[in-house]
Amino acid sequence: MSTLPLRATNVPHIWPVPGLARVGAFLMLIVNAYDDAQNSMREAAKKYPYAGI
């Protein structure tokens, strides 16, 4: 009786850099959106100083 040799499949080594880059890009997207909103509010406050915004 013969048996088949058991071999573990090669699990690819996951490199964390692309995942960290995605997280960093997402955080930068949030920061840029917040910065854009702040700039819009500053411009509106300059244009309409007594609007109570």
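In short, a report on the structure. What you are looking at is a predicted structure, and each value in this text was computed from that prediction instead of being measured.

As for the overall build of the protein chain
At step 1: Secondary structure summary: the protein chain contains one helix and zero strands in total.
At step 2: When each of the 53 residues of the protein chain is scored for burial, the buried share is 0%.
At step 3: Summed over its atoms, the accessible surface of the protein chain is roughly 5600 Å², and 66% of this surface lies on carbon and sulfur atoms.

Concerning a nonpolar patch on the surface
At step 1: The grouping of Val23, Phe26, Leu27, Leu29 and Ile30 at the surface amounts to a nonpolar patch, some 500 Å² of accessible area in total.
At step 2: Positionally, Leu27 belongs in helix α1 (residues 16-47).
At step 3: Residue Leu27 is classed as partly exposed on the basis of its relative accessible area, which comes to 47%.

Quick notes on the rules
- Going along each chain's sequence as written, the residues are numbered from 1 onward.
- Restriction of local features to residues with pLDDT of at least 70 applies here, the model being predicted, together with a cutoff of 80 or more for giving and counting side-chain atom pairs; totals for whole chains, interfaces and linings are based on all residues.
- Working from all heavy atoms in the structure, the side-chain values ignore hydrogens and water.
- In this description a helix means any DSSP run of H or I spanning at least four residues, a strand means any run of E spanning at least two, and both kinds are numbered starting from the N terminus.
- Here the term buried applies to any residue with accessible area under 20% of the maximum for its type, exposed to any over 50%, and partly exposed to those in between, with areas from a 1.4 Å probe on protein chains only.
- We get accessible surface area from the Shrake-Rupley algorithm with a probe of 1.4 Å; when it comes to residues, only the shown protein chains can shield them.
- Distance thresholds for patches are 9 Å for like charges and 5 Å for nonpolar side chains (Val, Leu, Ile, Met, Phe, Trp, Tyr), applied to residues having over 30% relative accessible area and no salt bridge.
- The salt bridge criterion pairs a side-chain nitrogen of Lys or Arg with a carboxyl oxygen of Asp or Glu, the two atoms within 4 Å.

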